[in-house]
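# Observations on the model geometry
Each chain, letter by letter, is given below.
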Amino acid sequence: MSAKTKIVVVKMKHVILTGVLLGIALLMIILIATYFFSGDEPKPETKETGMYNPGVYTTSVALGGAAIDVSVIVDENNINSISLVNLTDSVETMYPLVQPAMEELVSQIVETQSTDNLTYSENSQYTSMVLLSAIDSTLEKAKTSQ
């Protein structure tokens, strides 16, 4: 019995090249299978509704012994206007920063359509925070439930 041992020499670059080509081929097979068998069925069309239910919404704010209302008018996607209702002369005299703070907030909110990242003057920061809280509360009433 004669045993003839054969030694096969494979260069390392051939092994690496074969591995890379097999990896690319496997990746292509996975991509093709995903493309053809993804099961993408057409989704039924859904009517997109806006962010808000159109209308006029109000929230009361207590200032001392008096109450004023913050009124917000919205359509489906936009904040159209914000105003103070029932602002009497006595309340305006007792709280002189209410009207200017509100005007400052309204201009920013209507422009950006958001109550995030607003700036207000240092003199009226607490008044602005109270009004902003009332505006947020009012906008929350106006939001649609999706």
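So, here is what we can say about the structure in this document.

A separate point is the overall build of the protein chain. Secondary structure assignment for the protein chain yields 4 helices and 3 strands. Put simply, the protein chain runs from its N terminus to its C terminus through helices and strands in the order α-β-β-β-α-α-α. Looking at the 146 residues of the protein chain, the share that counts as buried comes to 24%. Looking at the protein chain alone, contacts between residues at least 24 apart form 49% of all its contacts between residues at least 6 apart. Carbon together with sulfur atoms contributes 59% to the accessible area of the protein chain, which is approximately 11,200 Å² in total.

As a rule of thumb, soluble globular proteins bury nonpolar side chains together. Residues Val70, Val74, Ile79, Ile82, Met102 and Ile109 are the most contacted members of the largest nonpolar core, which totals 25 residues. Contributing elements (two or more residues each) for this core: strand E1 (55-63), strand E2 (66-74), strand E3 (79-85), helix H3 (98-112) and helix H4 (125-142). Residue contacts for Met102: discarding those within four places in its chain leaves Val70, Ile82, Ser83, Leu84, Leu131 and Ile135.

Along an α-helix, residues three or four positions apart point the same way, because every turn accommodates 3.6 residues. The end-to-end C-alpha distance of H3 is 21 Å, a good match for the 21 Å that 15 residues give at a rise of 1.5 Å each. Taken as a whole, H3 has its buried residues at Val98, Ala101, Met102, Leu105, Val106, Gln108 and Ile109. At its buried positions, H3 is contacted by E1, E2, E3 and H4.

What follows is about the pattern of salt bridges. Counted by the stated rule, this structure contains 1 salt bridge. Ionic pairing is found between Glu140 and Lys143, a salt bridge with its closest N-O pair at 4.0 Å. Under the relative-accessibility criterion, Lys143 is labelled partly exposed at 38%.

Considering only enclosed or pocket space, the largest pocket measures out at about 160 Å³ in volume. Around the largest pocket sit Met51, Tyr52, Ile79, Gln113, Ser114, Thr115, Asp116, Asp136, Leu139, Glu140 and Lys143, which together line it. The leading source of residues in the lining of the largest pocket is H4, at 3 residues.

Summed over all chains, the structure comprises 1 aromatic pair. Seen in terms of ring centroids, Tyr35 and Phe36 are 5.1 Å apart; in terms of plane orientation they differ by 80°. Their pairing is edge-to-face. Comparing Tyr35 with Phe36 shows no difference in burial state: the two are exposed.

The next subject is H4. For H4, spanning 18 residues, the distance from its first C-alpha to its last is 25 Å, which sits close to the expected 26 Å at 1.5 Å a residue. Where H4 is buried, its residues touch E1, E2, E3 and H3.

With antiparallel pairing, the 3 strands of this open sheet are ordered in space as E1-E2-E3. Taken across any chain shown, the strands that pair with only one partner, and hence form the sheet edges, are E1 and E3. On average, each strand axis in the sheet is inclined to that of its neighbour by 20°, with strand direction left out of account. Pairing of E1 with E2, which is carried by 9 bridges, proceeds in the antiparallel orientation. Bridged to Val56 within E2 is Ile73. Seen against the sheet, H3 touches E1, E2 and E3 and runs at an angle of roughly 170° to E3. Most of the contacts of H4 go to E1, to which it runs at about 145°, and overall it touches E1, E2 and E3.

Reading guide: rules and limits
Residues numbered from 1 in each chain as written. Predicted model: local features only at pLDDT ≥ 70, side-chain atom pairs only at ≥ 80, totals over all residues. Heavy atoms only, no water. Helix = DSSP H or I, 4+ residues; strand = E, 2+ residues; numbered from the N terminus. Buried < 20%, exposed > 50% of the residue type's maximum accessible area, 1.4 Å probe, protein only. Contact = heavy atoms within 4.5 Å. Areas by Shrake-Rupley, 256 points an atom, 1.4 Å probe, with all protein chains shown as cover. Core = buried A, V, L, I, M, F, W, Y, C linked by side-chain atoms within 4.5 Å. Expected span 1.5 Å × (residues − 1). Salt bridge = Lys/Arg side-chain N within 4 Å of Asp/Glu carboxyl O. 1 Å grid on protein atoms, 1.4 Å probe; cavity = no way out; pocket = protein on both sides within 12 Å on 5 of 7 lines; lining within 4 Å. Points joined across faces, edges and corners; volume = space filled by probe spheres on them. Phe/Tyr/Trp six-rings, centres within 6.5 Å; stacked < 30°, edge-to-face > 60°. Pairing = 2+ DSSP bridges. Axes fitted to C-alpha atoms, helices over the stretch in contact; angles between N-to-C directions.

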